[in-house]
Amino acid sequence: MKMQWSLIFGLIFALFIAFFAVINVDPVQVNFGFSIVSLPLILVILSCALIGGVIVGSYGIFRQYKQQRKIKSLTAELVKANEKIAELETANTADTMVESTIPGGTTTFN
């Protein structure tokens, strides 16, 4: 359900940007620091929105990759810990069995 709401809000935002860009078609001067270019405002608005989307998308992909690596590391650590627990439980059970029986077949209650 969360994904559907994100999609709906994304579409509404895209429509808002498109409407805003369409009503602003006058040419503007853009200074890139090394050159001044005259472009229609619609191109400036859409290119800025596209660049922002690429930056946000790249950051999201990077965070997801980082989280997947951490999950993989923690899963491996959990497997090792479970193996160690099983090994210690087996050793503890074997030690308890050896200590509690006497060769005559009786058990101690100390």
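Note that residues are indexed from 1 along each chain, following the sequence as it is written. This being a predicted model, a pLDDT of at least 70 is required before a residue's local features are given, and a value of 80 or more before pairs of side-chain atoms are given or counted; all residues contribute to the totals for chains, interfaces and linings. The basis for the side-chain values is all heavy atoms of the structure; hydrogens and waters are excluded.

**A look at the overall build of the protein chain**
Under the convention used in this document: Going along the chain from the N terminus, every DSSP run of H or I of four or more residues is numbered as a helix, and every run of E of two or more is numbered as a strand. Burial status follows relative accessibility: with a 1.4 Å probe on protein chains alone, a residue under 20% of its type maximum counts as buried, one over 50% as exposed, and anything between as partly exposed. For this analysis, residues touch if any pair of their heavy atoms sits within 4.5 Å. Accessible areas in this description were obtained via Shrake-Rupley with a 1.4 Å probe; residue shielding takes into account the shown protein chains only.
Secondary structure summary: the protein chain contains 2 helices and 2 strands in total. Here the protein chain holds 110 residues, and the buried ones make up 5% of them. When contacts within the protein chain are restricted to residue pairs at least 6 apart in sequence, long-range pairs at least 24 apart make up 17% of them. Accessible surface for the protein chain amounts to roughly 10,000 Å². Of this, 69% is attributable to carbon and sulfur atoms.

**Comments concerning the pairing of strand S1 (residues 27–31)**
Put simply, the rule is: At least two bridges found by DSSP between two strands is the condition for calling them paired.
Relative to strand S2 (residues 36–40), S1 runs antiparallel, the two sharing 5 bridges. Within S2, the position partnered with Gln29 by the bridge is Ser38.

**What about the UniProt feature "transmembrane region" (unreviewed entry) in the protein chain?**
Put simply, the rule reads: UniProt positions are given in the numbering used here, feature names are shortened, and annotations may be inferred rather than shown by experiment.
Feature annotation in UniProt assigns "transmembrane region" (unreviewed entry) to the following positions: residues 41–62. Helix makes up 100% of residues 41–62 and strand 0%, with an end-to-end C-alpha separation of 32 Å.

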